[in-house]
Structures are given as C-alpha cells and as structure tokens.
Amino acid sequence: MPATTPTRSSSATKPYRPEFHADLEPGQPTPGIGEEDLNRFDHAGRTYAVYHGPDGAFYCTDGLCTHEQVHLAGGLVMDCIIECPKHDGQFDYRSGKAVRAPACVNLRTYQTRIAGDQVEILID
Ligand code: FES
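Presented here is a report on the structure given in the accompanying data block. If you're wondering where the values come from, they're calculated on a predicted model, not measured in any experiment.

## Overview of the sheet that holds strand β4 (residues 58-62)
So, step 1. Pairing within the open sheet is antiparallel, and its four strands lie in the order β2-β3-β4-β9. Here the strands that pair on one side only, and so sit at the sheet edges, are β2 (37-43) and β9 (109-110).
So, step 2. As judged from the seven bridges shared by β2 and strand β3 (residues 46-52), these two strands associate in the antiparallel manner. Paired with Leu38 across the strands is Tyr51, a residue of β3.

As structure tokens, this is what we get:
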C-alpha cells in the first residue's frame, strides 16, 4: 500500500517538507522496541520517543517531558501511557495528551510507518 502524504495548511514561508527517518540504525529490526516499551531517537538536534503499543502499532512523541524537559526514555510505559521518570506526570502517547499532573501541556506526536524491518517517523 502506498504511503500517504500528509498535508498541512499553513501560511509559513518555509515549504513543508516532511521526511521519514528511521528510529533505528540500518539493519536493526523493529523487535528492538519491545511491546509496551519505547526507544529514544535523536535526530538533527532533537529527541523523540518511539513506542510499541499493546495494539502492535508504533507511536512517536517528542522525547522530552513538557513539565521540566526530562527525557521520557527513562520512564515507565503502561498500556498506552508513558509516565515521566522525574515527577510521575503521565501522557497518552497515542495522542500526546497530558493525563496526570504535574504534566499539563500535551506532547507533540508524529506519524509513523513501517518500512521493511524498521519504524520510521515523519519529521517536518
Ligand atoms: S519533569 Fe516530567 S512530570 Fe515533571
């Protein structure tokens, strides 16, 4: 099935050029992300968290907690929730929604797709 191209309506002067990037090194298979677990992915000066949900799908959010910028990779994944390792704030990683204080600002989420044996995330 062909990948869909996301669209964005924007008045920004910079053209929207989404790119998919693999969250794993070439040749590293997706089982590198255990079910109900996450991988940290750093790219171009930014950091992300890629999750393998209990539904078998892969999800991606910004890697840093919106409360005090702690990396979520050290947190606990429970079902579809990521719990921040510093103050136990929680987010639904499917939507990015902050669901438990002190986290109150949602995480940004990114589209994912499977390409061969890798998970790729759409970074704009
Ligand atoms: S740094 Fe994540 S909840 Fe405080």
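## Things to note about the nonpolar core
So, step 1. Ranked by size, the top nonpolar core spans 22 residues in total, and within it Tyr48, Ala49, Val50, Tyr51, Cys60 and Ile82 carry the most contacts.
So, step 2. Looking at this core, the elements with two or more residues in it are β2, β3, β4 and β11 (118-123).
So, step 3. Sorting elements by how many residues they give to this core places β3 first, with four residues.
So, step 4. If we ignore the near neighbours within four places in the chain, the residues touching Ala49 are Leu38, Arg40, Cys60, Thr61, Gly63, Leu72, Ala73 and Ile82.

## Focus on unusual backbone geometry
The general pattern is negative phi for most residues beyond glycine and trans for most peptide bonds.
So, step 1. Of the consecutive residues Ala101 and Pro102, the connecting peptide bond is found in the cis state with omega at 10 degrees.
So, step 2. Looking at where Pro102 falls in the secondary structure, it is placed in the loop between β8 (98-100) and β9.
So, step 3. Backbone geometry at Asp79 places phi at a positive 55 degrees, although glycine is not the residue there.
So, step 4. Mapped onto the elements of the fold, Asp79 is located in the loop between β5 (76-78) and β6 (81-83).
So, step 5. Residue Asp88 is not a glycine yet carries a positive backbone phi of 65 degrees.
So, step 6. The class for Asp88 is partly exposed, based on 13 C-beta atoms found within 10 Å.

## Digging into the sheet that holds β5
So, step 1. Strand order across the open sheet formed by four strands is β5-β6-β7-β8, with antiparallel pairing between neighbours. The open sheet has two edge strands, β5 and β8, and neither has a second partner. Strand-to-strand twist across the sheet, computed as the mean angle between neighbouring axes with direction ignored, equals 30 degrees.
So, step 2. Two elements, strand β7 (residues 90-92) and β8, share two bridges in a ladder whose sense is antiparallel. Bridge assignment links Phe91 to a residue of β8, and that residue is Ala98.

Cut-offs used in this document
Residues numbered from 1 in each chain as written. Predicted model: local features only at pLDDT ≥ 70, side-chain atom pairs only at ≥ 80, totals over all residues. Pairing = 2+ DSSP bridges. Helix = DSSP H or I, 4+ residues; strand = E, 2+ residues; numbered from the N terminus. Core = buried A, V, L, I, M, F, W, Y, C linked by C-beta atoms within 7 Å. Buried ≥ 20, exposed ≤ 12 C-beta atoms within 10 Å, placed from the backbone. Contact = placed C-beta atoms within 7 Å. Axes fitted to C-alpha atoms, helices over the stretch in contact; angles between N-to-C directions.

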